[in-house]
Amino acid sequence: MTRVDHLVRAVVLDEVDLKEARTELARITSSGHIRPRWAVTLGWGAMCAGVALQLGGDLLVVGLAFVAAVLIDRLQQRLSRQRLPVFYQQVAGGGLATLIALLAALTPLDVNVSLVVTANIVMLLAGIGFMGALQDALSGFYITGTARLTEAILATAGIIGGVSGGLAVADVLSVRIPPLDPGRGDLQSFGMLMVGAAVCAAAFAYSSYAPGRIIAPVAVVAAAAIAISQSIALPGIGRTWSVAMAALFVGLVAFSVAGRMRVPPLIVVVSAVVPMLPGLSIYRGLTLLAEGGPGDTSAGLLAMVTAASVAIALAAGVILGEYVAQPLKREARRVESRLAGPRLVGPLRTRTRSRRRRERH
């Protein structure tokens, strides 16, 4: 995407003609990634380790989350080669995450296995196009947004099916996987929260083949966003509004950071919000729905609705920040006014007449 973004800018600046652009585009889409696939797998493991660290897990939990993420990625890669639909890949990933937690619960080790499940749910959620679907819907592209949202819902349903199946196996074997209720508030947990968010966002960007120059800035933006989210949530404000404020910050700084690093803003936006994805709410909802006791069903539905509201808050906050921060020049406004929504990819500026004269000179 970064290379295509640079190509679009070159076309707008008249540096290449359309024939050369078509040839270059074919070359970009047909060439593979420079980063080896085994490194990407390790990146996914580091991402889930960061989530476990963010949730307060110890060294054993972090290591178990890393191993589980590596196995899930290899499994999904094998299923993808068999051209199995994404829904079934998500079912397999959610089931494998729960079964690994189940095996850990059967050992005499003192490990909070629910942290492992939650960390890998965030890994599975990260690949879902919630942001793009909600951006299309909020920007007025309702047909595209509906299609992408349907795809995201089916992928999420696959996670629900896989985790529910794993929890059912745990219930048959009389193995209890406790619900997660992490504490927060002291300085140490707040610092580890920022470190975990930075590792998670940076590892996700790395695993998504983002250029190496943007990895460190993404980590800084994600740590600052999670700090804003937690700081606003401390006085008693609901999590949805605190997440929205953090997403607004991400949208505000994405254009300036991406412009300096010469990457599309979408790379910064999506990577920085990954640590705030509602994996914890989804896990709580799934465990309560699986138990099915009195009051558990309503509480589980409430947790799932909370997860949906957090996802909407992330998308709405980011888009609002982009609308506020996007720098539009007078000449570029004529082009941008034809499009509904901020430009996450593509050129933000076109050349003025004075700039063209200077370039000719």
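Keep in mind it's a predicted model, so treat the numbers as computed, not measured. (Residues numbered from 1 in each chain as written. Predicted model: local features only at pLDDT ≥ 70, side-chain atom pairs only at ≥ 80, totals over all residues. Heavy atoms only, no water.)

### Details of the overall build of the protein chain
Here comes step 1: When helices and strands are counted, the protein chain shows 16 helices and 0 strands.
Here comes step 2: The 361 residues of the protein chain split such that 47% are buried.
Here comes step 3: Excluding contacts between residues fewer than 6 apart, the proportion of contacts in the protein chain whose partners are at least 24 apart in sequence is 73%.
Here comes step 4: In the structure as shown, the protein chain presents an accessible area of about 18,300 Å², 63% of it carried by carbon and sulfur atoms. (Helix = DSSP H or I, 4+ residues; strand = E, 2+ residues; numbered from the N terminus. Buried < 20%, exposed > 50% of the residue type's maximum accessible area, 1.4 Å probe, protein only. Contact = heavy atoms within 4.5 Å. Areas by Shrake-Rupley, 256 points an atom, 1.4 Å probe, with all protein chains shown as cover.)

### Describing the packing of helix H11 (residues 239-261) against helix H12 (residues 265-273)
Here comes step 1: One can describe the packing of H11 onto H12 by two numbers: an axis separation of 8 Å at closest approach and a directional angle of 135 degrees. As judged from the angle between their axes, H11 and H12 are oblique. For the crossing formed where H11 meets H12, the hand is right-handed. Side by side, H11 and H12 meet where Val250, Ala254, Phe255, Val257 and Ala258 of the first sit next to Pro265, Val268, Val269, Ala272 and Val273 of the second.
Here comes step 2: Classifying every residue of the contact of H11 with H12 gives 10 nonpolar, no polar and no charged. (Axes fitted to C-alpha atoms, helices over the stretch in contact; angles between N-to-C directions. Parallel < 35°, antiparallel > 145°, perpendicular 65-115°, else oblique. Left-handed = near helix turned anticlockwise from the far one by under 90°. Nonpolar A, V, L, I, M, F, W, Y, C, P; charged D, E, K, R; others polar.)

### Some thoughts on the side chain of Thr98
Here comes step 1: With respect to the helices and strands, the residue Thr98 is situated in helix H5 (residues 86-106).
Here comes step 2: On the basis of relative accessibility, which here comes to 1%, the residue Thr98 falls in the buried class.

### What about unusual backbone geometry?
Here comes step 1: Of note, the phi angle at Asp14 is positive, near 60 degrees, even though the residue is not glycine.
Here comes step 2: Locating Asp14 in the fold gives a position in the loop between helix H1 (2-12) and helix H2 (18-30).
Here comes step 3: On the basis of relative accessible area, Asp14 is assigned to the exposed category, the value being 60%.
Here comes step 4: You will see that Tyr209, though not glycine, has its phi angle at about 65 degrees, which is positive.
Here comes step 5: Within the secondary structure, Tyr209 sits in the loop between helix H9 (187-207) and helix H10 (215-233).
Here comes step 6: Look at Tyr209 and you get partly exposed, because its relative accessible area is 28%.

### Here's the deal with a nonpolar patch on the surface
Here comes step 1: Together, Leu84, Phe87, Tyr88 and Leu154 give the surface a local cluster of nonpolar side chains, amounting to about 360 Å² of exposed area.
Here comes step 2: When you line up the elements, Leu154 lands in helix H8 (residues 142-172).
Here comes step 3: Judged by relative accessible area, which is 48%, Leu154 ranks as partly exposed. (Patch = residues over 30% accessible without salt bridge, like charges linked within 9 Å, V, L, I, M, F, W, Y side chains within 5 Å. Salt bridge = Lys/Arg side-chain N within 4 Å of Asp/Glu carboxyl O.)

### Let's talk about the environment of Val62
Here comes step 1: Within the fold, Val62 resides in helix H4 (residues 59-81).
Here comes step 2: Separated by 54 residues in the primary sequence, Val62 and Val116 have C-alpha atoms spaced 7.9 Å apart.

### Examining the nonpolar core
Here comes step 1: Ranked by size, the top nonpolar core spans 75 residues in total, and within it Met47, Ile121, Ile214 and Leu314 carry the most contacts.
Here comes step 2: Broken down by element, the residue count for this core peaks at 10 residues, all from helix H6 (residues 113-126). (Core = buried A, V, L, I, M, F, W, Y, C linked by side-chain atoms within 4.5 Å.)

### Comments concerning the pattern of salt bridges
Here comes step 1: In the structure shown here, the tally under the stated rule is 3 salt bridges.
Here comes step 2: Its salt-bridge partner being Arg9, residue Asp5 comes within 2.9 Å of it at the nearest N-O pair. You can see Asp5 and its partner Arg9 sitting in helix H1, 4 residues apart, about one turn around the helix.
Here comes step 3: A residue is classified by how much of its surface remains accessible, and Asp5, at 3% relative accessible area, is buried.

### Observations regarding the packing of aromatic side chains
Here comes step 1: In the structure shown here, the tally under the stated rule is 2 aromatic pairs.
Here comes step 2: A cation over a ring is seen here: Arg35 above Tyr206, with NZ or CZ 4.2 Å from the ring centre. (Phe/Tyr/Trp six-rings, centres within 6.5 Å; stacked < 30°, edge-to-face > 60°. Lys NZ or Arg CZ within 6 Å of the ring centre and 35° of its normal.)

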